[in-house]
Amino acid sequence: MAKHFYITKEPIDINAVVKNVTHPHAGAINTFIGTVREMTKGKRTLFLEYDAYIPMAEKKLEQIGSEVNSRWKEARVSIVHRIGRLEISDIAVAIAVSTPHRADSYEASRYAIERIKEIVPIWKKEHWEDGEEWIGDQLEKTVYPSGKPGKEHLYD
Amino acid sequence: MINVLLFAGLQEKVGKSEILVDKDILTIDELVSHIREIESRLDLTNVMVAVNEELVNDPDQVIRAGDTVALLPPVSGG
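Residues numbered from 1 in each chain as written. Chains lettered and ligands numbered in written order. Predicted model: local features only at pLDDT ≥ 70, side-chain atom pairs only at ≥ 80, totals over all residues. Heavy atoms only, no water.

## Focus on the packing of helix H2 (residues 54-71) of chain A against helix H3 (residues 102-119) of chain A
All names here are of chain A. As a reminder of what qualifies: Every axis in this analysis is a line fitted to C-alpha atoms, fitted for helices over the stretch in contact. Angles between the N-to-C directions lie between 0 and 180 degrees. Counting from the N terminus, the helices are DSSP H or I runs at least four residues long and the strands are E runs at least two residues long. The handedness criterion is simple: a crossing whose near helix is rotated anticlockwise from the far helix by less than a right angle is left-handed, and one whose near helix is rotated clockwise is right-handed. Between two residues, a contact is recorded if the distance between any of their heavy atoms is within 4.5 Å. Classes in brief: Ala, Val, Leu, Ile, Met, Phe, Trp, Tyr, Cys and Pro nonpolar; Asp, Glu, Lys and Arg charged; the others, Gly included, polar.
Following both chains from N to C, one finds H2 and H3 inclined at 145 degrees, their axes separated by 10 Å at the closest point. The chirality of how H2 crosses H3 is right-handed. Facing H2, whose interface residues are Lys60, Leu61, Gln63, Ile64, Glu67, Val68 and Arg71, H3 presents Ala108, Tyr111, Ala112, Arg115, Ile116 and Ile119. Grouping the amino acids of the contact of H2 with H3 by side-chain chemistry returns eight nonpolar, one polar and four charged.

Quick look at the structure:
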C-alpha cells in the first residue's frame, strides 16, 4: 500500500494523494492544497524554504490521520508535506479526505490542516528582497529573527 | 553522550544540525540549562523538547544516553 502520510523533497503529485483515499464507500473526496503565496501583508515573498524533523513529522501526520478517524469513523486520509526550497505557487501541503458524505469530508479536511499548523514539526523560512526569517508560529502572526521565537506557541 | 537535534533557526544559529551533550543522564530542565551554557547564542524561549519523537512537557523527565532528543521551535508548517 502506498504511504499515506509523508514528508517529501519532491513536487507533490496531488493525484497520488487522491488515489490514496479513493474507495468504493466514499461519496466525497475533499482535497486541500496549500500553495506558496507571493504577498503577505504587503510584503513580497521571493521563495520559501521548509525544514522538518522528518521522522517525528511523519508520525504526527499519522496521528492527525488517527484523530480524524476517531471523529469521522469512515474517513480515509492522506497528507503529504513538501520541504526544501519552494517557489511561488508550488504546493507545500496536500490533504485528501474521503468520506461517504460531503459535509464530513470538508470538516475533516479543515480539521487536518489546522492540526498540521499546531503539532507537526515543520518550519517555514520566508525569503524577501530585503531579508529572510524563520516564521515563528503556525498562525503566521509572529515573526522572529533566527533563533528568537516569539511568545506564542500552540503546542498541546 | 546525548545527541540533541536542531532544526530551522536554531540549526542556522549554531551552524550544525546537532549538539553533543557529554552526559549520560539528566532531566529536561538540566539539559536546557546545559545547552544555554554551551551554546549561549541560542535563545531557547518557547523551544520545546522532544524525546524519542514525542513532545515532553515535564521538565523533570529524565533523558538517558541513547534517547533521541530534539529542540523544536514553534512550528510553522502548512
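Moving on from the model shown.
## Digging into unusual backbone geometry
In plain terms, the rule: Only protein chains enter the accessibility calculation, which uses a 1.4 Å probe; a residue whose area is less than 20% of its type maximum is buried, one above 50% is exposed, and one in between is partly exposed.
One non-glycine residue, Ser89 of chain A, adopts positive backbone phi at about 75 degrees. In this fold, Ser89 of chain A is placed in the loop between strand E6 (84-87) and strand E7 (91-99). The class of Ser89 of chain A is exposed, set by a relative accessible area of 53%. One non-glycine residue, Ala8 of chain B, lies in the positive phi region at around 50 degrees. Within the element layout of this structure, Ala8 of chain B appears in helix H1 (residues 8-14). For Ala8 of chain B, a relative accessible area of 3% translates into the label buried.

## Here we look at the packing of aromatic side chains
Which entries qualify depends on this criterion: The criterion for an aromatic pair is that two Phe, Tyr or Trp rings (for Trp, the six-membered ring) have centres within 6.5 Å, with stacked assigned to planes under 30 degrees apart, edge-to-face to planes over 60 apart and tilted to the rest. Whether a charge sits over a ring comes down to the Lys NZ or Arg CZ being within 6 Å of the ring centre and within 35 degrees of the ring normal.
Inspection of the entire model under this criterion finds three aromatic pairs over all chains. Relative to Phe7 of chain B, the ring of Trp123 of chain A has its centre 5.2 Å away and its plane inclined at 15 degrees; by these criteria the two rings are stacked. One end of the pair, Trp123 of chain A, is in strand E8 (residues 122-128); the other, Phe7 of chain B, is in the loop between strand E1 (2-5) and H1, on a second chain. On the basis of relative accessibility, which here comes to 8%, the residue Phe7 of chain B falls in the buried class. Among the aromatic residues, those joined into a cluster by ring pairs are Tyr53 and Trp123 of chain A together with Phe7 of chain B. One Lys or Arg, Lys43 of chain A, reaches over the ring of Trp128 of chain A and ends 3.9 Å from the middle of that ring.

## Brief notes about a negative patch on the surface
Going by this rule: Here, patches come from residues exposed beyond 30% relative accessible area and free of salt bridges, joined within 9 Å for like charges and within 5 Å for nonpolar side chains (Val, Leu, Ile, Met, Phe, Trp, Tyr). The Shrake-Rupley method, run with a 1.4 Å probe sphere, supplies the accessible areas, and residue values consider only the shown protein chains as cover. For this document, the term salt bridge refers to a Lys or Arg side-chain nitrogen within 4 Å of an Asp or Glu carboxyl oxygen. By the counting rule applied here, Lys and Arg register as positive and Asp and Glu as negative, while His and the ends of each chain are not counted. To locate a charge, the coordinates of NZ of Lys, CZ of Arg, CG of Asp or CD of Glu are taken.
Where like charges cluster on the molecular surface, the negative patch consists of Asp29, Glu30, Asp58 and Asp60 of chain B. Along the polypeptide, Asp60 of chain B turns up in the loop between strand E5 (54-56) and strand E6 (62-64).

## Some words on the sheet that holds E1 of chain B
Two modes of strand pairing occur in sheets, parallel and antiparallel, and in both the strands are linked by backbone hydrogen bonds. All names here are of chain B. Formally: Here, any two strands with at least 2 DSSP bridges between them count as paired.
The strand order across the open sheet built from five strands is E2-E1-E7-E4-E5, with neighbouring strands paired in mixed fashion. This sheet does not close on itself; its edge strands, each paired only once, are strand E2 (18-21) and E5. Here the strands of the sheet are splayed against their neighbours by 30 degrees on average, with no regard to which way each runs. The sheet contact formed by strand E4 (residues 48-51) and E5 spans three bridges and is antiparallel. The residue of E5 that forms the bridge with Val49 is Val56.

## Considering the pattern of salt bridges
Applying the stated criterion across every chain yields a total of 14 salt bridges over all chains. The closest approach of N and O atoms between Asp90 of chain A and Arg82 of chain A, which form a salt bridge, is 3.6 Å. The class for Asp90 of chain A is partly exposed, based on a relative accessible area of 21%. Since its relative accessible area comes to 12%, Arg82 of chain A is described here as buried. The shortest N-O distance in the salt bridge between Glu87 of chain A and Arg85 of chain A comes to 2.6 Å. Exposure remark for Glu87 of chain A: the relative accessible area of 33% places this residue in the partly exposed category. A relative accessible area of 48% places Arg85 of chain A in the partly exposed class. One network of salt bridges, with partners in common, ties together Lys59 and Lys60 of chain A together with Glu53 and Glu54 of chain B.

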